[in-house]
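For reference, the chains in residue letters:
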Amino acid sequence: MNKKKKKKSGSIAIPFLLTFLISLIVIGGIAIVIYDKIDNDESSLLTMVNEAGTLSAEDNHTVMLILDLSDSVEMPDEDSEDSEYEDNDSEDEDYQDDEDSYDWETTEEEEKEVYPEPYTFIVMRSTPVDKQMMFMGIPSNMLVGNDNKKAKDIYESSGAAGISQSIEYSLGIEIDRYAVFDSESFKKACNIMGGVTYAVPKGVKGIPDSDSEQYLSPEQIEKIISYGGYSGGEIQRISTASAIVTAMMNQTSGVRIAENLDNTFETLINLIKSDISAVDYNDKKYAIKFMMKYSDPADSESSSSRATFITPYGNETEKNFVADSSFADEIKVYFEEAKEENSDTSNTESQESQKNE
């Protein structure tokens, strides 16, 4: 009897041990798969941690944007123009003899040659706490700085830092950084943004006249922005430039820009002249991504309203533009720091967006 009982116990123990070992193998295999999955997602988890942040008025910033085409466009020879005027003065008597038969209007139009403007100055103000941007064009013939010199003359003599300081002095604002684009880097930036659809003023050479909006390539955008033959003079040109940049910013996908912002920065920073450092970018990138991503309209077919533009007003002569004394006071609202309540609201939105992600 005792021997039979022992054999029965052994026969039960062996299947139990086999079942236990198989269970360990199965559970261990599942654990390995889960661990491997966690290991693969480690970079994603790290990215989410790095992207976390809050918004405040300290994230607001102002950048001086400059399109410098001096190396790629034909510019008039000022000395030859002056000598031409002198020759005309010396030949006044000859012109008076034929005054009755001379078609002055037609000849002026035929002889007038339009040159591209080599410099375009735009101040970009970003307030991520409000998910807003503002672009303010500065006419190249605007008198700025302590010495009341033309903006383009100051830039040619003192560079981007010099023109930034002069605008700060005249308008009572603070410009944090500057970025100078040439033709290549500007077109690259336009491609990154996706171009723009815009109603172009008629008469721009090289651009088809249209009564409605038309899609513009980077080459066309550059041509319109630098066009020197607008009937409204330099103030119309800089207003058009600011309007196109604003439209491009509103028409682009903020989500797409935010997701590719790191690559975009690395690409453009090597093509432009700028005092924006990698540290500056890392300090502001969360706020910029938040501003772009969460300012997209609910309707994908609609344009965003994240960006606006303003144009200086004042007195413009043939050579100079003088901003009205009240203009500096009116733009202060764009450069004042955000109110504390707005900051708190945006911080709440930021935290909620992180939870959703």
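Thresholds applied
- Residues numbered from 1 in each chain as written.
- Predicted model: local features only at pLDDT ≥ 70, side-chain atom pairs only at ≥ 80, totals over all residues.
- Heavy atoms only, no water.
- Pairing = 2+ DSSP bridges.
- Helix = DSSP H or I, 4+ residues; strand = E, 2+ residues; numbered from the N terminus.
- Contact = heavy atoms within 4.5 Å.
- Axes fitted to C-alpha atoms, helices over the stretch in contact; angles between N-to-C directions.
- Parallel < 35°, antiparallel > 145°, perpendicular 65-115°, else oblique.
- Left-handed = near helix turned anticlockwise from the far one by under 90°.
- Salt bridge = Lys/Arg side-chain N within 4 Å of Asp/Glu carboxyl O.
- Buried < 20%, exposed > 50% of the residue type's maximum accessible area, 1.4 Å probe, protein only.

1. Quick look at the sheet that holds strand β2 (residues 119-127)
Part 1 of the reasoning: In space, the 6 strands of this open sheet follow the order β9-β6-β1-β2-β3-β10, with mixed pairing throughout. With partners counted over all chains shown, the strands left at the sheet margins are β9 (273-274) and β10 (307-310), one partner each.
Part 2 of the reasoning: With 7 bridges connecting them, β2 and strand β3 (residues 132-138) associate as antiparallel partners. Among the inter-strand pairings, serine 126 is bridged to a residue of β3, identified as methionine 133.
Part 3 of the reasoning: Each of β2, β3 and β10 is contacted by helix α9 (residues 233-251), which is oriented at about 160° to β3, the strand it contacts most.
Part 4 of the reasoning: Relative to β3, helix α12 (residues 278-293) is tilted by about 110°, and along the sheet it contacts β1 (61-68), β2, β3 and β6 (177-181).

2. Comments concerning the pairing of β6
Part 1 of the reasoning: Sheet topology note: the β1/β6 ladder contains 5 bridges and is parallel. Bridge pairing in β6 links isoleucine 66 to valine 180.
Part 2 of the reasoning: As paired elements, β6 and β9 share 2 bridges and run antiparallel to each other. By the bridge assignment for β9, alanine 179 is matched with serine 274.

3. Brief notes about the packing of helix α7 (residues 183-193) against helix α11 (residues 261-269)
Part 1 of the reasoning: The N-to-C vectors of α7 and α11 enclose an angle of 165°; their axes lie 10 Å apart at closest approach. Of the possible angle classes, the one that applies to α7 and α11 is roughly antiparallel. The handedness of the crossing between α7 and α11 is right-handed. Contact residues: Ser185, Lys188, Ala189 and Ile192 in α7; Thr264, Thr267 and Leu268 in α11.

4. Re the pattern of salt bridges
Part 1 of the reasoning: Summed over all chains, the structure comprises 7 salt bridges.
Part 2 of the reasoning: With a closest N to O distance of 4.0 Å, aspartate 262 and lysine 285 form a salt bridge. With aspartate 262 in helix α11 and lysine 285 in helix α12, this residue pair connects regions lying 23 residues apart in the sequence.
Part 3 of the reasoning: In this structure, arginine 306 and aspartate 296 form a salt bridge, with 2.5 Å as the shortest nitrogen-oxygen distance. Here aspartate 296 lies in the loop between α12 and β10 and arginine 306 lies in the loop between α12 and β10, a separation of 10 residues in the sequence.
Part 4 of the reasoning: Since its relative accessible area comes to 1%, arginine 306 is described here as buried.
Part 5 of the reasoning: Classification of aspartate 296 by relative accessible area gives partly exposed; the value is 24%.
Part 6 of the reasoning: Several salt bridges share partner residues, and in doing so they unite Asp262, Lys285 and Lys289 into one network.

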